[in-house]
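Breakdown of the fold
Here are the chains, one letter per residue:
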Amino acid sequence: MPITAEAPTAATHAAGADLSQREIEMLREELDELDAEILAAVRRRVEITRRAGLARIGAGLPQVTQHSEMQVLRRFEKELGRDGVSLGMLLLRLGRTGAPRQH
Ligand SMILES: C=C(O[C@@H]1C=C(C(=O)O)C=C[C@H]1O)C(=O)O
């Protein structure tokens, strides 16, 4: 709401609502852009995990290393707490199963 000494009129209310609406739209756009970045980063992570897995198999090592995966989960937990662990586990799982093809 604009700063004014007078009581807000219907017009100032409407102007305030317009402003909030525009701000919400801008924030919505920013969120959509962020989601696109996050999804691109997740796809990149999946692809790198796949390559690392193939390289490990090629070197006669197990595809999955528990030690590295625990480090990933600890990093996510430190940053985001319990939900971070869940997010980390989902990323590790996606790395194993691969991401669905892009439409
Ligand atoms: C193949 C590797 O990565 C696998 C995938 C990981 C991940 O998604 O972060 C971590 C450990 C491994 O199970 C590796 O670390 O060499």
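Residues numbered from 1 in each chain as written. Predicted model: local features only at pLDDT ≥ 70, side-chain atom pairs only at ≥ 80, totals over all residues. Heavy atoms only, no water.

In the numbering used here, UniProt assigns the "coiled-coil region" (unreviewed entry) feature to residues 17-44. The straight-line gap between the two end C-alpha atoms of residues 17-44 is 40 Å; of that span, 100% is helix and 0% is strand. (UniProt positions renumbered as here; feature names shortened; annotations may be inferred. Helix = DSSP H or I, 4+ residues; strand = E, 2+ residues; numbered from the N terminus.)

A separate point is the UniProt feature "domain: Chorismate mutase" (unreviewed entry) in the chain. Within the UniProt annotation, "domain: Chorismate mutase" (unreviewed entry) is assigned to residues 18-103. With 84% helix and 0% strand, residues 18-103 has end C-alpha atoms that lie 36 Å from one another.

Residue placement: Glu69 occurs in helix α2 (residues 66-80). A polar atom in the side chain of Glu69 sits 2.5 Å from the side chain of Arg96. Apart from residues no more than four positions distant in its own chain, Glu69 is found in contact with Val64, Leu92 and Arg96. (Polar contact = N/O pair within 3.5 Å; in protein donor to acceptor, adjacent residues only side chain to side chain. Contact = heavy atoms within 4.5 Å.)

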